[in-house]
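Survey of secondary and tertiary structure
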Amino acid sequence: MARRKKIYEGKAKILYEGPEPGTIVQYFKDDATAFNAEKKDVIDGKGVLNNRLSEYFMTGLSQIGVPTHFIRRLNMREQLVRNCEIIPLEVIVRNYAAGSMSQRLGIAEGTQLPRPIVEYCYKDDALGDPLVTEEHIAAFGWASQQDMDDILSLALRVNDFMSGVMLAVGIRLVDFKIEIGRVYEGDFQRLIVADEISPDSCRLWDIETGQKLDKDVFRRDLGNLTDAYSEVARRLGVLPKTNVAKPTLIN
Ligand code: TMP
Ligand code: ASP
């Protein structure tokens, strides 16, 4: 097979040129990093689980009319996605205080917020993805006012969908991060949900026990990350209900 052209390698994924124009192959690595790659490890099976889980969430989103980059899963670690121009923002939606918001504002982790709060960080590893306001975004031309209206509406729809899907399996969606891409269709352009949605980019707590089922298990050394992600996959039916210990993936 001809060697595929690597387009970009990030901390958790590699992007290759896709088989048709306008497509990209997104490969999920087992690498985990935290605190801007100060902490690193290889977590056996993480890439396989995130490939499946991102497929599951993106497919569900498109079924309710939220446009995403996802086309189809290719194999255990790869999915075919639409090529898009990534807007250089991390869009974070928070339902409960946790992580950097708790630190910044001194609000205890787990405090329910009066309403979902959307935050934007400028995607720049060298700067540690700093929090920015819509003023920065407009002044520096990272996104237009129309884009920002669309991004807010996409983010809140993703939040409603993800909160409901998680609630149904006894998990609280504390917060999450998405990335947004721009695609061109003839004379038009539109924004779609891109990158990934997985326990790497969400905070997921068991409603009964408060147990963390997301990347904080790695960030804070709370146990086995693959077990946590497998539990999310199992509850969603992405993994068979039996055979929990061994993450044999159904097709
Ligand atoms: P934070 O509380 O550390 O700002 O994280 C908010 C949410 O965003 C949390 O669900 C984890 C996710 N996140 C990422 O996906 N990538 C990142 O680089 C960071 C810092 C957070
Ligand atoms: N900031 C990312 C996270 O903690 C990963 C990293 O920065 O290395 O999710």
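It should be noted that the structure appears before, not after, this text.
In what follows, the accompanying structure is described. (Residues numbered from 1 in each chain as written. Chains lettered and ligands numbered in written order. Predicted model: local features only at pLDDT ≥ 70, side-chain atom pairs only at ≥ 80, totals over all residues. Heavy atoms only, no water.)

Once that is clear, we can look at the site of ligand 1. Taken together, 15 residues form the shell around ligand 1, and within it Arg94, Ser100, Asp175, Lys177 and Arg203 come nearest. Arg94 places a polar side-chain atom, nitrogen or oxygen, 2.9 Å from an oxygen atom of ligand 1. In terms of residue class, the shell around ligand 1 is made up of four nonpolar, three polar and eight charged. (Near = heavy atom within 4 Å. Polar contact = N/O pair within 3.5 Å; in protein donor to acceptor, adjacent residues only side chain to side chain. Nonpolar A, V, L, I, M, F, W, Y, C, P; charged D, E, K, R; others polar.)

For helix 1 (residues 46–63), spanning 18 residues, the distance from its first C-alpha to its last is 26 Å, which sits close to the expected 26 Å at 1.5 Å a residue. Among the 18 residues of helix 1, 14 are classified as buried, and the element is accordingly described as predominantly covered. Just downstream of helix 1 lies Gly65, where phi reads positive at about 90°. (Helix = DSSP H or I, 4+ residues; strand = E, 2+ residues; numbered from the N terminus. Expected span 1.5 Å × (residues − 1). Buried < 20%, exposed > 50% of the residue type's maximum accessible area, 1.4 Å probe, protein only.)

Here the focus is the packing of helix 1 against helix 6 (residues 225–236). Viewed as axis vectors pointing N to C, helix 1 and helix 6 meet at an angle of 30°, and their least axial separation amounts to 10 Å. Between helix 1 and helix 6, the crossing angle belongs to the class labelled roughly parallel. Helix 1 and helix 6 meet at a crossing whose hand is left-handed. Two secondary-structure elements touch here, helix 1 through Lys46, Leu49, Asn50, Leu53, Tyr56 and Phe57 and helix 6 through Leu225, Thr226, Tyr229, Ser230, Val232, Ala233 and Leu236. Here the contact of helix 1 with helix 6 is built from residues that sort into nine nonpolar, three polar and one charged. (Axes fitted to C-alpha atoms, helices over the stretch in contact; angles between N-to-C directions. Parallel < 35°, antiparallel > 145°, perpendicular 65-115°, else oblique. Left-handed = near helix turned anticlockwise from the far one by under 90°. Contact = heavy atoms within 4.5 Å.)

None of the figures reported here should be taken as evidence of function without further support.
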